[in-house]
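Chains, contacts and geometry: an overview
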Amino acid sequence: MSSAQSLLESRPPSVAHLFLSRVGATPDREAYRYPAPAGDGTSGTEQWRSLTWAQTAERVTAIAAGLIALGVRPEERVAICSSTRVEWILADMGAMCAGAAATAVYPSTNADETVYILADSGSRAIFVENAEQLDKVVAHAERLPELGHAILFDPLADLPQVAGLEVLSLADLEKQGAAYLAEHPNAIEETVRAIEREQLATLIYTSGTTGRPKGVRLVHDCWSYQAVAQEAGGLRSDDVQFVWLPLSHVFGKALISGQIQTGHVMAVDGRVDRIVTNLPTVRPTLMASAPRIFEKVYNGIAGRARAEGGAKYKIFLWAAKVARDYARTGQESMAATGRRRVPLALAVQHAVADRLVYGKIRAAFGGNLRASVSGSAALAPDIGYFFSGAGVHVLEGYGLTETSAGCVVNPVEDYRIGTVGKPLPGTEVRIAEDGEVLLRGPGVMRGYHNLPDKTAEVLRSDGWFHTGDIGEMDKDGFVRITDRKKDVFKTSGGKYVAPTEIEGRFKAVCPFVSNIVVLGNSRNFCTALITLDESVIMPWAASHDLGGRSYAEVVSSPQVHELIDGFVQRVNGDLQRWQTIKKFSVLSRDLDVEHGELTPSLKVKRPVVEREYAEVIEGMYEGSREA
């Protein structure tokens, strides 16, 4: 029996079991790091603090006991509405150790949808980050008769008095829990011991592009499987992992399971505007991310080099090409011979480029990064090759909310750019006749909450889950996702177009792009909506006689249209005629979560974008002859 099989077969019923075992095995080892105001009270300063596993357990068991004291029973739902911070993890583990099921709610979710999720899940209590999140609940308390308690992470001087809803601070809950444990010292151990694999552990609501979101039912065994599968996939006990992804998203939530399994350090700070500052401080060995972050980093590097101009820009362009050639050649050699080899001349060029350019890029990531797992959307291969050649190893993975996040991931020692890797141990992958990717394994959901008909549409009685993604698997077992089944469209001329492929190619050649949406369903040609990265396009504008103008004025200028058209034509040169972008519009602002155009994990909601910019889209087709 392999070590991976042994891990899988010996996995405990729940991560709550794993947590208590981890605390018992390494009580004094550092578990979490988190930013907090400096102890001297200096205004505007903060420092990183730590929790050992024993200190974490003290807080988690107090939270769990506090929930039990409030009357929360096994499998009853406890919601968490907060940005990524250490209290999110403490609350989630507290709910698990109380036998309850956590309902994850994005803090960016509006009040109406938040109330819908709380009502549909039947949540009995909710952890809220601050007054802003509390207001969503308080304003609609009459619509939530089952919700009896709201627990605040950030304390308020005056807690609101709401009929039928007790509002208390996290500190108060922990005090109640400590008092309960004084009378029932074995309560948490007994509760955890009673947890079974198939008990509900988490409800995560998918980001609906049309209609209401669906609650995905993930049981304790889903997370227990994630924990051991991640260790089998290469997670190490000596890792330092930096987590900024939304923990309300399945990708972020899954990271907690793996960390508890191996006991490595997790640094937690969800402030996206602090990522660049945090990396050199945390110096992580591991980080999970979305492709957008790597695209922004690449665009920023390219933009700064362009702004410096002259020899420095030429050196960057040369180094970028060397990085891609080096990574691509090494990958092809590894696939063909099992050894990573490159020609001597290329190796020499790479060594020179490393001293001039790549070392600075690795330093920006903290200098210790051995791997970064990228998920939620496709990473443009050319950007992947660039970072690989620079020594920043981006491992694409694949998974869905319905599969408790990653079920296919690239291995560290033999990753292949352009693929999402190989199935994790215990997960099966099959490609249907129409190209749809099917998955089966312990991580697959048990269904949609209160939606048996919707469940039956995607989850078959034999356990195979229909992902809705189109893909292929090569002879070595590497999986490649080509597009969403529902996103592939047919032009009025009868030609199929996979928009994600075209969008990825454009992101690889245009350092100014933030988002691009390729359109053309039932039309006689393809068009695109494009948004630009303000931090990159504005310096370019200042050096091209557009200084002093607003972002909206810059992106609507003829100069910028000409600039972007050049990149569009470069991409078109490598496409089939029916795939080419005939017209495009540069939007006056970027797509964002607040307007509902991006999911919290930064995936584009195509139906929302098409609805929001219907007039712009129709303008691009105005006067064209439709078939």
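Here, the structure is the one placed above.
So, here is what we can say about the structure in this document. It should be emphasised that the depicted structure is a prediction, and the values quoted were computed from it without experimental measurement. (Residues numbered from 1 in each chain as written. Predicted model: local features only at pLDDT ≥ 70, side-chain atom pairs only at ≥ 80, totals over all residues. Heavy atoms only, no water.)

Bringing the overall build of the chain into the picture now. Looking only at helices and strands, the chain features 22 helices and 25 strands. The C-alpha radius of gyration computed for the chain amounts to 25 Å, which stays within 12% of the reference 25 Å derived for 627 residues, consistent with globular compactness. Overall, the chain is about 75 × 60 × 55 Å in size when its C-alpha atoms are taken along their principal axes. Residues counted as buried form 55% of the 627 residues belonging to the chain. By sequence separation, contacts in the chain at least 24 residues apart represent 67% of the contacts at least 6 residues apart. For the chain, the exposed area adds up to about 26,100 Å²; of that, 51% sits on carbon and sulfur atoms. Averaging the coordinates of the 67 positive side-chain charges in the chain and doing the same for the 76 negative ones gives two points 7 Å apart. (Helix = DSSP H or I, 4+ residues; strand = E, 2+ residues; numbered from the N terminus. Rg over C-alpha atoms; globule rule 2.2 N^0.38 Å. Buried < 20%, exposed > 50% of the residue type's maximum accessible area, 1.4 Å probe, protein only. Contact = heavy atoms within 4.5 Å. Areas by Shrake-Rupley, 256 points an atom, 1.4 Å probe, with all protein chains shown as cover. Lys, Arg positive; Asp, Glu negative; His and termini not counted. Charge placed at Lys NZ, Arg CZ, Asp CG, Glu CD.)

Residues Ile315, Trp318 and Leu356 make up a contiguous nonpolar surface patch of about 240 Å² in total accessible area. Within the element layout of this structure, Ile315 appears in helix 13 (residues 310-337). (Patch = residues over 30% accessible without salt bridge, like charges linked within 9 Å, V, L, I, M, F, W, Y side chains within 5 Å. Salt bridge = Lys/Arg side-chain N within 4 Å of Asp/Glu carboxyl O.)

Our focus in this paragraph is the sheet that holds strand 17 (residues 428-431). Strand order in the open sheet made by the four strands is 17-18-19-20, with antiparallel pairing throughout. Only two strands of the sheet have a single partner each, and these edge strands are strand 17 and strand 20 (479-484). Sheet twist, expressed as the average angle between the axes of neighbouring strands with direction ignored, equals 50°. When strand 18 (residues 436-440) meets strand 19 (residues 465-473), the two strands line up antiparallel, connected through three bridges. Note that in strand 19 the partner of Leu439 across the bridge is Phe465. (Pairing = 2+ DSSP bridges. Axes fitted to C-alpha atoms, helices over the stretch in contact; angles between N-to-C directions.)

What follows deals with the packing of aromatic side chains. One pass over the structure, following the stated rule, counts 13 aromatic pairs. Between Phe386 and Phe387, the ring centres sit 5.2 Å apart and the planes meet at 75°, which makes this aromatic pair edge-to-face. The same class applies to Phe386 as to Phe387, namely buried. One aromatic cluster is present, formed by Phe294, Tyr298, Phe316, Phe365, Phe386 and Phe387 through successive ring pairs. Sitting over the face of the ring of Tyr385, Arg328 holds its NZ or CZ atom 4.3 Å from the ring centroid. (Phe/Tyr/Trp six-rings, centres within 6.5 Å; stacked < 30°, edge-to-face > 60°. Lys NZ or Arg CZ within 6 Å of the ring centre and 35° of its normal.)

Before going further, it helps to spend a moment on the pairing of strand 20. Looking along a regular strand, one sees side chains alternate from face to face of the sheet. Bridging between strand 19 and strand 20 involves five bridges; their strand directions are antiparallel. If you follow Glu472 over to strand 20, its bridge partner there is Arg480. Remark: five residues form the turn of the hairpin made by strand 19 and strand 20, two consecutive strands paired antiparallel; Gly477 in that turn has positive phi of roughly 90°.

Bringing the sheet that holds strand 25 (residues 581-586) into the picture now. With mixed pairing, the three strands of this open sheet are ordered in space as 23-24-25. The strands lining the two open edges of the sheet, one partner per strand, are strand 23 (513-519) and strand 25. Geometrically, the sheet is characterised by an average inter-axis angle of 25° between neighbouring strands, direction not taken into account. Helix-sheet contacts for helix 22 (residues 614-621) involve strand 23, strand 24 (526-532) and strand 25, and the interaxial angle to strand 24 is about 135°.

Before going further, it helps to examine the packing of helix 3 (residues 53-69) against helix 7 (residues 170-183). The contact between helix 3 and helix 7 brings their axes to 7 Å, and the two run at 85°. Taken as axis vectors, helix 3 and helix 7 run roughly perpendicular relative to one another. Counted together, Arg59, Thr61, Ala62, Ile63, Ala65, Gly66, Leu67, Ile68 and Ala69 of helix 3 and Leu170, Leu173, Glu174, Gly177, Ala178, Tyr180 and Leu181 of helix 7 form the full contact between these two elements. (Parallel < 35°, antiparallel > 145°, perpendicular 65-115°, else oblique.)

Quick look at the packing of helix 13 against helix 15 (residues 381-389) now. Taken N-terminus to C-terminus, the directions of helix 13 and helix 15 make an angle of 95°; their axes are 7 Å apart at the nearest point. Of the possible angle classes, the one that applies to helix 13 and helix 15 is roughly perpendicular. When helix 13 is examined against helix 15, the residues Phe316, Ala320, Ala323, Arg324, Tyr326, Ala327, Arg328 and Gln331 are found in contact with a partner set consisting of Asp382, Tyr385, Phe386, Ser388 and Gly389. For the contact of helix 13 with helix 15, the per-class residue count stands at seven nonpolar, three polar and three charged. (Nonpolar A, V, L, I, M, F, W, Y, C, P; charged D, E, K, R; others polar.)

This next bit is on the nonpolar core. In this structure, Leu67, Phe127 and Phe387 are the most contacted members of the largest nonpolar core, which totals 119 residues. Take this core: its biggest share by element is nine residues, from helix 4 (residues 86-97). When sequence neighbours within four positions are dropped, the list of residues in contact with Phe127 reads Ile63, Leu67, Val78, Ala79, Ile80, Cys81, Ala91, Ile151, Phe153, Leu170 and Leu173. Listed in part, the 31 residues of the second largest apolar core include Phe512, Ala541, Tyr551 and Leu575. (Core = buried A, V, L, I, M, F, W, Y, C linked by side-chain atoms within 4.5 Å.)

With respect to the secondary-structure elements, Val536 resides in helix 18 (residues 534-542). For Val536, a relative accessible area of 4% gives the class buried. Taking the C-alpha atoms as reference points, Val536 and Ala302, separated by 234 residues in sequence, lie 8.6 Å from one another. Contacts of Val536, omitting those with residues within four sequence positions, involve Asn299, Gly300, Gly303, Pro511 and Phe512.

Bringing unusual backbone geometry into the picture now. Of note in the backbone geometry, Glu75 takes a positive phi value of approximately 70° without being a glycine. Among the structural elements, Glu75 can be located in the loop between helix 3 and strand 3 (77-81). We classify Glu75 as partly exposed; its relative accessible area is 29%. Phi is positive for Asp545, which is not a glycine, with a value near 60°.

The next point concerns the environment of Val167. If you trace the backbone, Val167 turns up in strand 7 (residues 166-169). A sequence separation of 42 residues divides Val167 from Ala125, and the C-alpha atoms of the two residues are 9.9 Å apart. When residues no more than four places from it in sequence are discounted, the contact partners of Val167 are Leu134, Ala150, Leu152, Leu159 and Pro160.

Next up on the list: helix 12 (residues 291-308). Because each turn of an α-helix spans 3.6 residues, side chains separated by three or four positions in sequence point in the same direction. Here helix 12 is 18 residues long and its end C-alpha atoms lie 26 Å apart, about the 26 Å a rise of 1.5 Å per residue gives. Taken together, the buried positions of helix 12 are occupied by Pro291, Arg292, Ile293, Phe294, Glu295, Tyr298, Asn299, Gly300, Ile301, Ala302, Gly303 and Ala305. Following helix 12 by one or two positions, Gly309 has its phi on the positive side, about 65°. (Expected span 1.5 Å × (residues − 1).)

So, about the state of the cysteines. Considering all chains together, one arrives at zero disulfides under this definition. Cysteine Cys97 shares no disulfide, and the gap to the nearest cysteine sulfur, in Cys222, comes to 18 Å. Take Cys510: it sits in no disulfide, and the sulfur closest to it among the cysteines is that of Cys526, at 18 Å. (Disulfide = S-S within 2.5 Å.)

Attention now moves to helix 14 (residues 344-364). An ideal rise of 1.5 Å per residue puts 30 Å on 21 residues; helix 14 measures up with 28 Å between its terminal C-alpha atoms. Approximately 60° is the largest bend angle found in helix 14, and it occurs at Asp354. Among the residues making up helix 14, those that are buried are Leu346, His350, Ala353, Val357, Tyr358 and Ile361. Those residues of helix 14 that are buried are in contact with helix 12, helix 13 and helix 15. A positive phi of about 105° marks Gly366, the residue just after helix 14. (Bend = angle between axes of the 7 residues up to and from the residue.)

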